[in-house]
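What the coordinates show
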Number of protein chains: 2
Amino acid sequence: MHHHPLTPLSEAETNAARDIYLEEPLKKDLIPYLQLEHSGKLCPTSPRPRRLAKCQYDIVGSERVPEFHEAVVDVEGKVRISYTVVGKQHQASLILAEFDIFVKVCEESQMFKDAVAKFKLPEGFEVVIEPWPYGGRDRVTDDSRYFQGLIFAQDKRSGNPNSNFYAFPLPIIPVMDYHKREIVRIDRLATGGKGEDPLTLPEATRENPIGHCTPAEYIPELLSNGTRKDLKPLNVLQPEGPSFRVAQDESLVEWQKWRFRVGFNPREGATIHDIRYDGRSVLYRLSLSEMTVPYADPRYPFHRKQAFDFGDGGAGNCANNLSLGCDCLGVIKYFDGVVTDAEGNATVAPNVICLHEQDNGIGWKHTNWRTGRAVVTRSRELVVQFIITLANYEYIFAYKFDLAGGISVESRATGIVSVVNIDPGKQSEYGNVVGNGVLAQNHQHIFCIRIDPAIDGYKNTVYIEESHAVEMNDQTNPEGNLYRICKTPVEQSSWFDAAPEKNRIIKMVNTDKINPISQRPVGYKFTPMATQLLLADKRSIQARRAQFAQHHVWVTKYRDGELYAGGKYTLQSQEEVGGVSDAVKRGENVANEDVVVWSVFGITHNPRVEDWPVMPVECYQLNIRPTDFFTDNPAIDVPSNRNMSSQLVRSDDCSKCNL
Amino acid sequence: MHHHPLTPLSEAETNAARDIYLEEPLKKDLIPYLQLEHSGKLCPTSPRPRRLAKCQYDIVGSERVPEFHEAVVDVEGKVRISYTVVGKQHQASLILAEFDIFVKVCEESQMFKDAVAKFKLPEGFEVVIEPWPYGGRDRVTDDSRYFQGLIFAQDKRSGNPNSNFYAFPLPIIPVMDYHKREIVRIDRLATGGKGEDPLTLPEATRENPIGHCTPAEYIPELLSNGTRKDLKPLNVLQPEGPSFRVAQDESLVEWQKWRFRVGFNPREGATIHDIRYDGRSVLYRLSLSEMTVPYADPRYPFHRKQAFDFGDGGAGNCANNLSLGCDCLGVIKYFDGVVTDAEGNATVAPNVICLHEQDNGIGWKHTNWRTGRAVVTRSRELVVQFIITLANYEYIFAYKFDLAGGISVESRATGIVSVVNIDPGKQSEYGNVVGNGVLAQNHQHIFCIRIDPAIDGYKNTVYIEESHAVEMNDQTNPEGNLYRICKTPVEQSSWFDAAPEKNRIIKMVNTDKINPISQRPVGYKFTPMATQLLLADKRSIQARRAQFAQHHVWVTKYRDGELYAGGKYTLQSQEEVGGVSDAVKRGENVANEDVVVWSVFGITHNPRVEDWPVMPVECYQLNIRPTDFFTDNPAIDVPSNRNMSSQLVRSDDCSKCNL
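Positions within a chain are numbered from 1, following the residues in the order the chain's sequence is written. In the order they appear in the text, chains get letters beginning with A and ligands get numbers beginning with 1. Where totals are concerned, whole chains, interfaces and linings use all residues; where local detail is concerned, this predicted model gives features only for residues with pLDDT of at least 70, and gives and counts side-chain atom pairs only at 80 or more. Side-chain descriptors were evaluated using all non-hydrogen atoms of the structure, hydrogens and water having been removed beforehand.

By definition, any uninterrupted DSSP run of H or I lasting at least four residues is a helix, any uninterrupted run of E lasting at least two residues is a strand, and each is numbered from the N terminus. Looking only at helices and strands, chain A has five helices and 34 strands in total. Over its C-alpha atoms chain A spans a radius of gyration of 27 Å, differing by no more than 12% from the 26 Å that the globule rule assigns to 659 residues. By its C-alpha atoms, chain A is 80 × 75 × 60 Å across when sized along the principal axes. Residue exposure (1.4 Å probe, protein chains only): buried if accessible area is under 20% of the type maximum, exposed if over 50%, otherwise partly exposed. Residues counted as buried form 66% of the 659 residues belonging to chain A. Computed with the Shrake-Rupley method and a 1.4 Å probe, the accessible areas treat only the protein chains shown as cover for residues. A total of about 22,700 Å² of accessible surface is found on chain A, and carbon and sulfur atoms cover 50% of it. All tallies of charge rest on Lys and Arg as positive and Asp and Glu as negative; His and the ends of each chain are not included. To locate a charge, take atom NZ for lysine, CZ for arginine, CG for aspartate or CD for glutamate. Computed over 74 positive and 86 negative side-chain charges, the inter-centroid distance for chain A is 3 Å. Between the two quantities, the radius of gyration covers C-alpha atoms and the globule rule is 2.2 Å times the number of residues to the power 0.38.

So, in structure tokens, the structure goes:
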């Protein structure tokens, strides 16, 4: 059996080092294949794109500094197709094995041991090293590869290895030169508060910097009062099984007229391809492209706390192995991924993606008040979910398909906020004291969703549509109630910001396909999420390396391989290179062309005490909706059957309140 | 047994005409009662506020124009406490009996019969009259009470009384003088399209104005292809019953440390009172206050299409009678309401509110990557829901309480968009052709949620909090990553707009209660929803009567009875009188005072073909969240038990795709 060109590489197909994954075919090669596929004429002898793997690996020679190579390999023909060396101005993405090396080097470093020894930690506490990417390169221009670590102490007395060490932050950050395998510096952290000179380090550090810190456990068996007992079970049952179908090759999903392929790669995690509804093309590809998390504490060296969670280490590499009954309810299909270890050996990462249906309340309803006849349908959603853990934080990403032709991309931020030590009794302008001795620093999370539309074809046009007030006038607006819809096609690659005061909407349309009812081009639309953009000063390294985070919408001309909003190489970057800002600068024609739309949104996260020790999810959702794509509400034929398993509350549930 | 002062009037307590409902006690009288109640010292002899009813009724005497009276009656003492006559400059809210009268008068009107007779309707079609409020008073200043009607034709050939008549709009609007019980005018509607003079009516009307219209059914038995068969059941089961408890008097609800009272009245529908968490006061009252729906077609007389769905007719009066298995899943408690008919007789409106729990995905999660230990909890919500039908449209409103101390107010718009006739083949600048011959006009829905905070006490302060970029400078921001949080207390009653570019947040805090961890005042916050405000020209009647719809946030000093953002009397109003704009003008001190916060948001609804014939829900949600109110995440003790009813997909679901 042939693999579909979009099926991720199997374990057998994967085998070399830093990362190996499917190199998606050139669009010009894939489109004819997809057309053949959807016409029903695909057969074993049909031409198909070569099955390519992108291999990223290190050449470790006599040089101190290894070269990072990237090759594209034909895994069937066993031929190397192309090959490049990552320039010295870039750093390859990190792999988790480098974090292990960091921890080991740190533990063995005399400099680190001496720094820790200066602290008189309470009995039973041990040091925990939390590796982090180094952030922007601190205005140095050498090609050193650095890692840094946040340092905590863990109370070992409970014997539970999951006791929350983040509650005990130590005020040092060791820095490792990766090539030297050496801790080259220990940065000492300020622990002062409001009104203290932010740029001067404390003269002396308290001997026991965590003496005023208190436990903040979240593991059920460590909670002092245990878990609550009065939350009764709520189960989702699907007695006839799910409504979706998954093909044996595990990449093709069909559900309620939707049909798409699920991809998975070490960088982006789950991706969605060739999305069609009732045989009509909607999107060529949908993905989470990048995310940056800059911290706003101006004290040295916290400006280096800025992660690019997709580019630095890879969302797929950090994907959770999901388990039944924990991350979703109902009937669940899990997808495995293939990842590589440091030696290049492929291993299966089980359950990195889950697929399930969920109820989302009423889908549509109308009651005829004359007759009393109500017709009400539920909104069912099909969810493709993956969850990533990045040290302290987690993100839950979901692609959701609904019965009314809508696609949503949801992001939930949870996990443990990043904290540093603060002296007893102090408050800070740079964050909030969320636990005793624990300062959660202000930060932002800025996400980018990449939308490659294929609205009834591969040539589309993006319109900016706004609703504008019109001044009262006798000619066209005598009563002052008129507003006008203004539509402007995007002719040249550009960026736009959200403008809710104008009801600004981004429409992706096919001007060659006209809706027979409205006589308008068929399309899909979204409202850019009006959230705060990157706050860092434009001249800062934080901002220079995250250009993508400075506008809400980018419209670019498609280029093969141009998938990453913040550029291909974000680790220790000083500038965004090859990201959306560069793509826009090409100034290409994007009207009635193969166009890509990038949607940016963010959370300015000034922590609350309620975010500690694990924060409740903070949800954001981008809604991509059909606009004159169909000839009526596609959910109009959803059954309005009464759900027979719903029950009335029993009367004995109604008399227990403490009046 | 005594009624709790907040329990709505029972059927027995209700008996007089236009509307009768609980007149909530003065706050100064209720607070001592609540304090006694929550201290556990309430007993049958405790002092309590008088049980008052607000009665609205008509005095029909020898005069042509009846007087509208409002009286407050002590239903136990059977004494009238106060009484006012609604001034001639106002109109009392409409009651549904007036709509019945309109339809009857219209049907008997020779003028209307003549207008209809000019149309040569196809065989089997009959006229349907859809009564509407008259909108703004059309710059007339007399005290006439008008109603208008949109006119449709219904295909009676199927014999199904629920065949969708909105698909066949007739281009006339009859206008009735209610006091004369007479159709005084038939407005003729333009049916032209783009480029035609908007203010000139068509010279002649087509004989059969619906000859080009086509059916648009949504009733399952009328769908030409029936309903889809492949959506398998998804059931929510709660084998141990719900986790909530409802007191026998039906107004008190307890769930997961939350405790509140549910009210219901003809104007606002469901209201929530005395909201407490773990014994601590959070909100005194939470309600949907008003909503206006102005239409933007400038052609006469469409500027009169502007509903105030709470003030004109009453959301409670229009509440659906919900039924099991249709409007929510799981174990459901329904609340009845008491409404009055035109004669003042009380009747029970069954199931106007439903209460149920729902799962909202992951609540919080963290995986310790060192040990692989994942702790993941679900987000459970308690939902108080009511649904209103206003002729063609429906709104689904839900107050939602979560496990992490959050309260959300959700609004879903669904139902049938308001349409008018358009000639064959034409398009319009004033709306979209969503069905053949059917123009859905552009319009807005602007909602106002009223929040009466009581954060750990009744005196609170509102802060406007923003996150501001700071220019790079050697003194305080050498690396350019700093941003500052700016907090400004609101000293005097004022309005504010959403400012997502500044991450503007509204915080309601108690400056006398300090969080022991962060040393900041305890509070609740929300981000004003950045949606487009009212577009109508400020000088227009549409805008003058909907001042509330022109800013996102209003902060006012509490006054008993000041509940309605758009003023008490909205029907045919020309100005907003006694609404939030007047309340703000009082210029009262609101710092550390009894303060009320009003949150405005809206939908600019430029219809899509997909909104026809019944639109998929359009959802908006206001999130009210604790901010340093607690000393940690209140959901940290939620059990992370594996849900044992979840199932893996069976392998035979995985091979059915059409590869």
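Quick look at the UniProt feature "domain: Copper amine oxidase catalytic" (unreviewed entry) in chain A now. UniProt positions are given in the numbering used here, feature names are shortened, and annotations may be inferred rather than shown by experiment. As recorded in UniProt, the feature "domain: Copper amine oxidase catalytic" (unreviewed entry) lies at residues 234–636 of chain A. Annotated as residues 234–636 of chain A, this span is 2% helix and 50% strand, and its ends, taken at the C-alpha atoms, are 29 Å apart.

Residues and elements named next belong to chain B. Mapped onto the secondary structure, Arg-544 falls in helix 4 (residues 541–544). Put simply, Arg-544 and Glu-576 are 32 residues apart on the chain and 6.3 Å apart in space, counted from C-alpha to C-alpha. Throughout, a residue-residue contact means that at least one pair of heavy atoms, one from each residue, lies within 4.5 Å. When residues no more than four places from it in sequence are discounted, the contact partners of Arg-544 are Lys-538, Arg-539, Gln-574, Glu-575 and Glu-576.

Right, let's talk about helix 2 (residues 96–108) of chain B for a bit. All names here are of chain B. Expected span of a helix: the number of residues minus one, times 1.5 Å. Taking 1.5 Å of rise per residue, the 13 residues of helix 2 would be expected to cover 18 Å, and the 19 Å separating its terminal C-alpha atoms lies within 8% of that figure. Among the residues of helix 2, Glu-98, Phe-99, Phe-102, Val-103, Val-105 and Cys-106 are the ones counted as buried. Along the axis of helix 2, the buried positions cluster into a sector of 165°, meaning they face one direction only. Structural note: helix 2 exposes Lys-104 and Glu-108 on the side pointing more than 90 degrees away from its buried face. In the core, the buried residues of helix 2 are packed alongside helix 3 (110–117), strand 5 (125–133), strand 6 (146–155), strand 8 (172–177) and strand 9 (182–188). Arc, as used here, means the arc of the directions from the helix axis to the C-beta atoms.

Quick look at the pattern of salt bridges now. Residue and element names in this part refer to chain B. In the sections that follow, a salt bridge refers to a side-chain nitrogen of Lys or Arg positioned within 4 Å of a carboxyl oxygen of Asp or Glu. With the rule as written, the count across this model stands at 90 salt bridges over all chains. Of the charged contacts, one joins Lys-568 and Glu-70 as a salt bridge, the two residues approaching to 3.2 Å between their closest N and O atoms. With Lys-568 in the loop between strand 31 (553–557) and helix 5 (580–585) and Glu-70 in strand 3 (residues 67–74), this pair connects stretches of sequence that are 498 residues apart. Here Glu-70 falls in the buried class, since its relative accessible area comes to 6%. For Glu-562, the salt bridge is made with Arg-586, and the minimal N-O distance between the two is 2.8 Å.

Let's shift gears to the sheet that holds strand 4 (residues 79–85) of chain B. All names here are of chain B. By the convention used here, strands pair only if DSSP detects at least 2 bridges between them. Within the open sheet, the four strands sit side by side as 1-2-3-4. Their pairing is antiparallel. Every other strand in the sheet has two partners, leaving strand 1 (19–23) and strand 4 as the edge strands with one partner each. Between one strand axis and the next, the sheet turns through 25° on average, direction left out of account. Only C-alpha atoms enter the line fits that serve as axes; for helices the fit covers just the stretch in contact. Angles between N-to-C directions range over 0 to 180 degrees.

Alignment of copies: least-squares fit on C-alpha atoms of residues with pLDDT of at least 70 in both copies. Of the transformation placing chain A onto chain B, the axial shift is 0.0 Å and the rotation is 180°, giving an RMSD of 0.0 Å. Classification of the inter-copy transformation places it as that of a two-fold axis. Of the C-alpha atoms belonging to chain A, the one lying closest to the rotation axis is found on Val-236 of chain A, 2.3 Å away. When the interface residues of chain A are mapped onto chain B, 100% of them again fall at the interface, so both copies present the same face.

Quick look at the UniProt feature "modified residue: 2',4',5'-topaquinone" (unreviewed entry) in chain A now. Residues and elements named next belong to chain A. Residues annotated by UniProt as "modified residue: 2',4',5'-topaquinone" (unreviewed entry) correspond here to Tyr-393. Inspection of the secondary structure assignment puts Tyr-393 in strand 20 (residues 393–402). Classification of Tyr-393 as buried rests on a relative accessible area of 3%. What Tyr-393 contacts, discounting residues up to four positions off in sequence, is Tyr-295, Ile-388, Ala-413, Thr-414, Gly-415, Ile-416, Val-417, Ser-418, His-443, His-445, His-605 and Met-615.

Turning our eyes to something else, we now look at the environment of Arg-373 of chain A. Positionally, Arg-373 of chain A belongs in strand 19 (residues 373–390). Look at Arg-373 of chain A and you get partly exposed, because its relative accessible area is 25%. Placed 11 residues apart in sequence, Arg-373 of chain A and Ile-362 of chain A show a C-alpha to C-alpha distance of 16 Å. When near neighbours in sequence (up to four residues on either side) are disregarded, Arg-373 of chain A contacts His-366, Thr-367 and Asn-368 of chain A together with Asn-162, Ile-219, Pro-220 and Glu-221 of chain B. Any N or O atom pair separated by 3.5 Å or less is treated as a polar contact, with the protein-specific requirement of one donor-capable and one acceptor-capable atom, and with residues adjacent in sequence counted only for side-chain atom pairs. Separated by 2.8 Å, the side chains of Arg-373 of chain A and Glu-221 of chain B make a polar contact.

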